[in-house]
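Residue strings, one per chain:
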Amino acid sequence: MGGNGDALNGLVGLAERLADLVPPAQALVVATCFILGVILAIFALQGFAKASERSASGQFRGPQDYGPWVPMVTLIIAVLLVSLSTTIAAFLMSFFQVDETVAASEIFAYAPEMLAPLDHEQARTVIIALLRVVQFIGLLGFIRGLFLLNKSVKWPAPGLVGFGVTHVVGGVFAMNIVMFLGMIEELVLG
């Protein structure tokens, strides 16, 4: 019987260590997005200059020449990346009527009936740690969605816009998994 307790304690410790890595990784991702946003803004300005030169000289490259549309979308994505926290707050407000994500530790307040069987100390610790990881993965998915939307304009491919929108929306749901699970519980259990 002691072996099961040791394994459970090991799982709890692993989950806690994994969750402790989330805040520094999140800060690194946000800083990287700021830098990438600035770089994309520079590329967008270069794209506007090239589109202007082509327009002024009367050059037309054919059906793949989108003129100023590609740099315009690139600039919009750059602004969204530079102001990532405001962008996320806008999406959270749209879906959940809150401007910041709910802490993972609040899961037992938002979905009490769904998680009632797991309401003991070790299970709480593991669930909270896993939810923090899911929130981080949601952030990564949201950012990936923005990059897919940018890519969909540069290199159009069937379904790429849909993949981008799916990542953005899924990322928002994952970032606010606590409220999302509360909504699911309310929908299913009334």
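Calculation criteria
- Residues numbered from 1 in each chain as written.
- Predicted model: local features only at pLDDT ≥ 70, side-chain atom pairs only at ≥ 80, totals over all residues.
- Heavy atoms only, no water.
- Axes fitted to C-alpha atoms, helices over the stretch in contact; angles between N-to-C directions.
- Helix = DSSP H or I, 4+ residues; strand = E, 2+ residues; numbered from the N terminus.
- Parallel < 35°, antiparallel > 145°, perpendicular 65-115°, else oblique.
- Contact = heavy atoms within 4.5 Å.
- Nonpolar A, V, L, I, M, F, W, Y, C, P; charged D, E, K, R; others polar.
- Patch = residues over 30% accessible without salt bridge, like charges linked within 9 Å, V, L, I, M, F, W, Y side chains within 5 Å.
- Areas by Shrake-Rupley, 256 points an atom, 1.4 Å probe, with all protein chains shown as cover.
- Salt bridge = Lys/Arg side-chain N within 4 Å of Asp/Glu carboxyl O.
- Expected span 1.5 Å × (residues − 1).
- Buried < 20%, exposed > 50% of the residue type's maximum accessible area, 1.4 Å probe, protein only.
- Core = buried A, V, L, I, M, F, W, Y, C linked by side-chain atoms within 4.5 Å.
- pLDDT = per-residue confidence, 0-100.

### Quick notes on the packing of helix 4 (residues 84-96) against helix 6 (residues 121-154)
The packing of two helices is summarised by the inter-axis angle and the distance between the axes. Relative orientation of the contacting elements helix 4 and helix 6 amounts to 100 degrees, with a least axis distance of 12 Å. Judged by the angle between their axes, helix 4 and helix 6 are roughly perpendicular. In contact with Leu84, Thr87, Ile88 and Phe91 of helix 4, helix 6 contributes Leu139, Phe142 and Ile143. Here the contact of helix 4 with helix 6 is built from residues that sort into six nonpolar, one polar and no charged.

### Thoughts on a nonpolar patch on the surface
On the surface, Phe34, Ile35, Leu36, Val38, Ile39, Ile42, Phe43 and Val82 cluster together into a nonpolar patch covering about 660 Å² of accessible area. Here the element with the most residues in the nonpolar patch is helix 2 (residues 22-57); it accounts for seven residues. On the secondary structure map, Val38 appears in helix 2.

### Some details on helix 8 (residues 177-189)
The terminal C-alpha atoms of helix 8 lie 17 Å apart, and with 13 residues this matches the ideal 18 Å at 1.5 Å per residue to within 8%. Of the positions making up helix 8, those classed as buried are Ile177, Val178, Met179, Gly182 and Glu185.

### Some words on the nonpolar core
For soluble globular proteins, the rule of thumb is that nonpolar side chains tend to be buried together. Ranked by internal contacts, the top residues of the largest apolar core, which has 31 residues, are Ile107, Leu139 and Phe142. Those elements that place two or more of their residues in this core are helix 2, helix 3 (69-82), helix 4, helix 5 (107-110), helix 6, helix 7 (160-175) and helix 8. Per element, the largest residue contribution to this core is eight residues, and it comes from helix 6. When neighbours within four sequence positions are excluded, Ile107 is seen to be in contact with Leu115, Ile127, Leu131, Val178 and Leu181. Judged by nonpolar contacts, the second largest core, of five residues, contains Val12, Ala15, Ala19 and Ala129.

### With respect to the packing of helix 3 against helix 6
Where helix 3 contacts helix 6, the two axes come as close as 9 Å, and the packing angle between them is 170 degrees. Judged by the angle between their axes, helix 3 and helix 6 are roughly antiparallel. Side by side, helix 3 and helix 6 meet where Trp69, Val70, Val73, Thr74, Ile77, Leu80 and Leu81 of the first sit next to Ile143, Leu146, Phe147, Leu149, Asn150, Val153 and Lys154 of the second. Partitioning the contact of helix 3 with helix 6 into residue classes produces 11 nonpolar, two polar and one charged.

### Some thoughts on the confidence of the model for the chain
Predicted confidence across the chain gives a mean pLDDT of 86, with 89% of residues reaching 70 or more. The secondary structure element of the chain with the lowest average pLDDT is helix 1 (residues 2-20), at 74, and the one with the highest is helix 7, at 95.

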